[in-house]
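Structural characterization, general
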Amino acid sequence: MEDSSERDSKGSSCDKIDSAENSSKSLDEATSTTEEQQQNTATTNTNKTCGSQTLSGEEAKAAEASSTSTTTTNFTEETKASVPRPLKSRMPNIKVFSGSSHPDLAQRIVDRLGHDLGKVVTKKFSNLETCVEIGESVRGEDVYIVQSGSGEINDNLMELLIMINACKIASASRVTAVIPCFPYARQDKKDKVKSRAPISAKLVANMLSVAGADHIITMDLHASQIQGFFDIPVDNLYAEPAVLKWIRENITDWRNAIIVSPDAGGAKRVTSIADRLNVEFALIHKERKKANEVASMVLVGDVKDRVAILVDDMADTCGTIVHAADKLVEAGATKVYAILTHGIFSGPAIQRINGACFEAVVVTNTIPQDEHMLNCPKIQCIDVSMMFAEAVRRTHNGESVSYLFSNVPY
């Protein structure tokens, strides 16, 4: 009995001890779990704190960068404001002035361009010296001076030189001389007959360059090589496109025509026109005893039963073209026309034309023709002002002028 009770008491004691141990273990586990939770919470708080601290650092850097850029921007703006800005380059305006030789042509040119003629006063002193006063500012401008080699040629040439120099020393950006009919163009070479003759065309070229001209615009030079007399650009325009247009519009049977040159020097000119019209050409060989006098003529080509069109660059006293017209009629031509770029018509020219067998004598207005047309009903005029106006416009804008060599700018 005693042994069984002792066993029971020992067993209950062991059970109490085990339960106590289990309780202790549960308490320890709970304690450790609580500690882990506290540690995790602390770690999370720490991470949050660190994240907030990092974010605050980035914001600080951003704020610092923003303030730095603002400072830099302000500094740059202040620097730009303190540095002077360069002036914008601009295309200089066109100024067109007219000499006293051909004011009508100059007016037609500016009307085409949509500008007004520049103000200029030309006068002569009592001793016949030429005086020119430019009536408006030309500083930095693109100046064009229209003066043809007609009328009182020497006075007009001197007037042109003085006008060029006046504009140049008044600080014009560029001075262009528009010379529809180039003076002294026939004195362009020496020959074996006149070995001591001057080359006056070269002298005129030198005078224009020394006066201050930067560019020359002219039409149908007597010899294209005159362009080589200059050390400045020369634009030699051609009346050929306007001549072709007139032939097609005014000569009904132009397809049965033949283009004739009154001398060998114009062979290249007539062959070009004949090729454009798809017709034949002929030449007249002439020999001169002296200037303005023709000794003999020989026709090379067949003009029988055809309309003969004489083409030359200029006619002065008209002795050559009148003799040529008579030669063509003798050879069987049905009609004779004469087409000339520069109608000078000095001396007995008008009287000779009135007495000749021309259907019409056609000239351009590179030289004033109003008085000639009144005295001779056979003279007709082709207006070439649009070609000079277009050349001025293209030169001013830096465009090519070669379009005008084969086209009329209507």
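Residues numbered from 1 in each chain as written. Predicted model: local features only at pLDDT ≥ 70, side-chain atom pairs only at ≥ 80, totals over all residues. Heavy atoms only, no water.

1. Some remarks on the packing of helix H2 (residues 103–113) against helix H10 (residues 385–397)
Note the threshold: For helices, the fitted axis covers only the stretch in contact; all axes are lines through C-alpha atoms, and the angles between them, taken along N-to-C directions, range from 0 to 180 degrees. For helices the rule is a DSSP run of H or I covering at least 4 residues; for strands it is a run of E covering at least 2, with both sets numbered from the N terminus onward. Roughly parallel means an angle under 35 degrees; roughly antiparallel, over 145; roughly perpendicular, 65 to 115; everything else is oblique. The handedness criterion is simple: a crossing whose near helix is rotated anticlockwise from the far helix by less than a right angle is left-handed, and one whose near helix is rotated clockwise is right-handed. Between two residues, a contact is recorded if the distance between any of their heavy atoms is within 4.5 Å. Residue polarity is assigned by list, with Asp, Glu, Lys and Arg as charged and Ala, Val, Leu, Ile, Met, Phe, Trp, Tyr, Cys and Pro as nonpolar; anything else, Gly included, falls into the polar class.
Put simply, H2 and H10 touch, their axes get as near as 8 Å, and they point 55° apart. When the interaxial angle is binned, H2 and H10 end up oblique. The two elements H2 and H10 cross, and the hand of that crossing is right-handed. Between H2 and H10, the contacting residues are Leu105, Arg108, Ile109, Arg112 and Leu113 on the first element and Ser385, Met386, Phe388, Ala389, Val392 and Arg393 on the second. Each residue belonging to the contact of H2 with H10 can be placed in one class, and the counts come to seven nonpolar, one polar and three charged.

2. Brief notes about the nonpolar core
Where we set the bar: To qualify as a nonpolar core, a set must consist of buried Ala, Val, Leu, Ile, Met, Phe, Trp, Tyr and Cys residues joined through side-chain atoms within 4.5 Å. Accessible area is worked out with a 1.4 Å probe on protein chains only. A residue is then buried under 20% of its type maximum, exposed over 50%, and partly exposed in between.
With 46 residues, the main nonpolar core has Ile247, Ile259 and Ile309 as its most contacted residues. Counting residues per element, this core draws most heavily on H10, at six residues. When sequence neighbours within four positions are dropped, the list of residues in contact with Ile259 reads Val270, Ile273, Ala274, Leu277, Val279, Glu280, Phe281, Ala282, Ile309 and Val311. Counting residues in each nonpolar core, the second largest holds 31 residues, with Leu161, Met163, Ala185 and Ala213 among its members.

3. Some remarks on the pairing of strand S8 (residues 257–261)
Walk down a regular strand and you will see the side chains alternate between the two sheet faces. Which entries qualify depends on this criterion: Here a strand pair is declared whenever DSSP counts at least two bridges between the two strands.
In terms of burial, S8 is a largely internal element, five of the five residues being buried. By the alternation rule, side chains of S8 split into Ala257, Ile259 and Ser261 and Ile258 and Val260, which are all buried. Pairing of S8 with strand S11 (residues 307–315), which is carried by four bridges, proceeds in the parallel orientation. When the sheet's bridge partners are listed, Ile258 is paired in S11 with Ala308.

4. Considering the pattern of salt bridges
Our working definition: Any Lys or Arg side-chain nitrogen located within 4 Å of an Asp or Glu carboxyl oxygen qualifies as a salt bridge.
Following the criterion strictly, the structure yields 16 salt bridges and no others. Across the salt bridge formed by Glu240 and Arg276, the nearest N and O atoms sit 3.3 Å from each other. Note that Glu240 is positioned in helix H5 (residues 240–250) and Arg276 in helix H6 (residues 267–277), a separation of 36 residues in sequence. A salt bridge links Arg306 to Glu280, with the shortest nitrogen-to-oxygen separation between them at 2.8 Å. Note that Arg306 is positioned in the loop between strand S10 (293–300) and S11 and Glu280 in strand S9 (residues 280–290), a separation of 26 residues in sequence. Connected via shared salt-bridge partners are Glu390, Arg393, Arg394 and Glu399.

5. Some words on helix H3 (residues 153–169)
We apply this condition: For a helix, the expected span equals 1.5 Å multiplied by the residue count minus one.
Here H3 spans 24 Å end to end across 17 residues, near enough to the 24 Å set by a 1.5 Å rise per residue. Looking at the buried positions of H3, the neighbouring elements they touch are strand S1 (94–98), strand S2 (120–124), strand S3 (130–134), strand S4 (142–146), strand S5 (174–179) and helix H4 (200–211). Ser171 occupies a position one or two residues after H3 and carries a positive phi of about 70°.

6. Things to note about the packing of aromatic side chains
Test applied: Pairing of aromatic side chains here covers Phe, Tyr and the six-membered ring of Trp, requires ring centres within 6.5 Å, and sorts the geometry by plane angle: under 30 degrees stacked, over 60 edge-to-face, intermediate tilted.
In this structure the tally under the stated criterion is three aromatic pairs. Ring geometry for Phe182 versus Phe230: centroids 5.9 Å apart, planes at 75°, classification edge-to-face. You can see Phe182 sitting in the loop between S5 and H4 and its partner Phe230 sitting in the loop between strand S6 (215–219) and strand S7 (234–237), a full 48 residues away along the chain. Each ring, one from Tyr238 and one from Phe405, has its centre 5.4 Å from the other, and the planes form 85°; the classification is edge-to-face.

7. Thoughts on the side chain of Asn365
How we decide: Any pair of N or O atoms that falls within 3.5 Å is considered a polar contact. Within protein, one atom must be able to donate a hydrogen and the other to accept it, and sequence-neighbouring residues count only if both atoms are side-chain atoms.
Here Asn365 lies in the loop between strand S13 (360–364) and helix H9 (370–375). Judged by relative accessible area, Asn365 falls into the buried class, the value being 6%. There is a polar contact of 2.8 Å between the side chain of Asn365 and the side chain of Asp383. Within the local environment of Asn365, its side chain forms a polar contact with the backbone nitrogen of Val384, the two atoms lying 3.0 Å apart.

8. Quick word on the sheet that holds S5
The strand order S1-S4-S5-S6-S7 describes an open sheet built from five strands, whose pairing is parallel. The sheet terminates laterally at S1 and S7, the two strands that pair on one side only. Across the sheet, the mean angle separating the axes of adjacent strands is 15° when strand polarity is ignored. Bridge analysis of S1 against S4 gives five bridges, and the strand direction is parallel. Bridging from a neighbouring strand, Ser98 pairs with Val146 of S4. Packed on one face of the sheet, H10 meets S1, S4, S5, S6 and S7 and runs near 155° to S6.

9. Looking at the environment of Val401
Residue placement: Val401 occurs in the segment after H10. Take Val401: its relative accessible area is 9%, and that puts it in the buried class. Distance from Val401 to Asp235, taken between C-alpha atoms, is 7.8 Å for residues 166 residues apart in sequence.

10. Quick look at the packing of H5 against H6
With their axes 11 Å apart at the nearest point, H5 and H6 run at an angle of 50° to one another. Here H6 runs oblique to H5, going by the angle between their axes. The way H5 lies across H6 gives a crossing that is right-handed. In this structure, H5 contributes Glu240, Val243, Leu244, Ile247 and Arg248 to the contact, and H6 contributes Ser272, Ile273, Arg276 and Leu277.

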